[in-house]
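Now for the letters of each chain:
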Amino acid sequence: MAKCATCGIDESEISEHDGLDAVRTFPGRYRRAVDGMTTDQLTSGVSDGWSVLAYLTHVGDVLDRLGAAATTVLDQPGTDVASLPDETTPPSAGSADVASALDRIDHGAAELVAAAGDVSGEAWTRPFTIGGESHDAGWLIRHAAHEGAHHLRDIARVAPQ
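About the thresholds
Residues numbered from 1 in each chain as written. Predicted model: local features only at pLDDT ≥ 70, side-chain atom pairs only at ≥ 80, totals over all residues. Heavy atoms only, no water. Salt bridge = Lys/Arg side-chain N within 4 Å of Asp/Glu carboxyl O. Helix = DSSP H or I, 4+ residues; strand = E, 2+ residues; numbered from the N terminus. Buried < 20%, exposed > 50% of the residue type's maximum accessible area, 1.4 Å probe, protein only. Expected span 1.5 Å × (residues − 1). Arc of directions from axis to C-beta. Contact = heavy atoms within 4.5 Å. Polar contact = N/O pair within 3.5 Å; in protein donor to acceptor, adjacent residues only side chain to side chain. Axes fitted to C-alpha atoms, helices over the stretch in contact; angles between N-to-C directions. Parallel < 35°, antiparallel > 145°, perpendicular 65-115°, else oblique. Left-handed = near helix turned anticlockwise from the far one by under 90°. Pairing = 2+ DSSP bridges. Core = buried A, V, L, I, M, F, W, Y, C linked by side-chain atoms within 4.5 Å.

Colleague: Provide a residue-level description of the pattern of salt bridges, including the pertinent values.
Modeller: In the structure shown here, the tally under the stated rule is nine salt bridges. Asp21 is the salt-bridge partner of Arg24, the closest N and O atoms lying 3.0 Å from each other. Of this pair, Arg24 and Asp21 both sit in helix H1 (residues 16-34), three residues apart, roughly one helical turn. Measuring nitrogen to oxygen at the nearest pair gives 3.4 Å for the salt bridge that ties Arg157 to Asp154. With Arg157 and Asp154 both in helix H5 (residues 138-158) and three residues apart, the pair spans about one turn of that helix. Judged by relative accessible area, which is 7%, Asp154 ranks as buried. Beyond isolated ion pairs, a larger network of salt bridges with shared partners links Glu16, Asp136 and Arg142.

Right under this line is the structure:
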């Protein structure tokens, strides 16, 4: 993946170790980012339709999906895993709530960290496919680190001042 045009993060420059360090911080960072916000502040969308709650829900979905895929990918190289949630359309806020979105962020981050366990070296090069694209297992961590950091910036951008 090339450098993200929006946030400037280049996933290829993130090591698995640094990526895991970032993922470990996301539950607390997301909780702090929304602490004290009212329901209106959490659900008010900006011009692109994304609200703070939409970003929380999206990140929860992505981390949960990456966390679930990590064990499978590391145990069964060559696996084809389900695609990630769409980045172009905000998730439906119909049944979403802050507590469940934050819980999914917690759960997905914990799963990624647990799956990584003592994994090192060669294991991160194990191939898998997601959404028709081939990646190495380390991409799960690098992408999670990018997604988490990128959308924290989005929340700071759309959150009422």
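Colleague: Could you give an account of helix H4 (residues 98-116), naming the residues involved and the relevant values?
Modeller: Compared with the 27 Å implied by 1.5 Å per residue over 19 residues, the 27 Å span of H4 between its first and last C-alpha is a close match. Those residues of H4 that sit buried are Ala101, Leu102, Ile105, Gly108, Ala109, Leu112, Ala115 and Ala116. The arc that holds every buried residue of H4, seen down its axis, measures 165 degrees, which confines them to one face. Buried residues in H4 make contact with H1, helix H3 (52-75) and H5. N-cap assignment for H4: the residue whose side-chain oxygen lies 3.1 Å from the backbone N of Ala99 is Asp97. Positive backbone phi, at 30 degrees, marks Gly117, one or two positions downstream of H4.

Colleague: Could you give an account of the packing of H1 against H4, naming the residues involved and the relevant values?
Modeller: Remark: H1 packs on H4, axes separated minimally by 9 Å, with the N-to-C direction vectors making an angle of 170 degrees. As judged from the angle between their axes, H1 and H4 are roughly antiparallel. Here H1 runs over H4; the crossing is left-handed. Touching Leu20, Val23, Arg24, Phe26, Pro27, Tyr30, Arg31 and Val34 of H1 are Val98, Leu102, Asp103, Ile105, Asp106, Ala109, Leu112, Val113 and Ala116, all from H4.

Colleague: Lay out the pairing of strand E3 (residues 133-136) in plain terms, naming residues and giving numbers.
Modeller: Put simply, side chains in a regular strand alternate between the two faces of the sheet. Pairing analysis gives four bridges linking strand E2 (residues 127-130) to E3, with the strands arranged antiparallel. Bridge assignment links Pro127 to a residue of E3, and that residue is Asp136. Between E2 and E3, which follow one another and run antiparallel, lie two residues, and Gly131 among them has a positive phi close to 55 degrees.

Colleague: How would you summarise the nonpolar core if you had to cite specific residues and measurements?
Modeller: In terms of nonpolar packing, the biggest core is built from 41 residues, with Tyr30, Val52, Leu56, Ile105, Leu112 and Leu140 touching the most fellow members. Elements with a contribution of two residues or more to this core: H1, H3, H4, E2 and H5. The greatest single-element share of this core, amounting to twelve residues, is contributed by H3. In contact with Ile105, not counting residues within four places along its chain, are Phe26, Pro27, Tyr30, Leu56, Val59, Gly60 and Leu63.

Colleague: Could you give me a rundown of the pairing of E2, with the residues and numbers involved?
Modeller: Every second residue of E2 is oriented toward a common face, the buried set being Phe128 and Ile130 and the non-buried set Pro127 and Thr129. Pairing geometry for strand E1 (residues 80-81) and E2, over two bridges, is parallel. Residue pairing for E2: Asp80 is matched across the bridge by Thr129.

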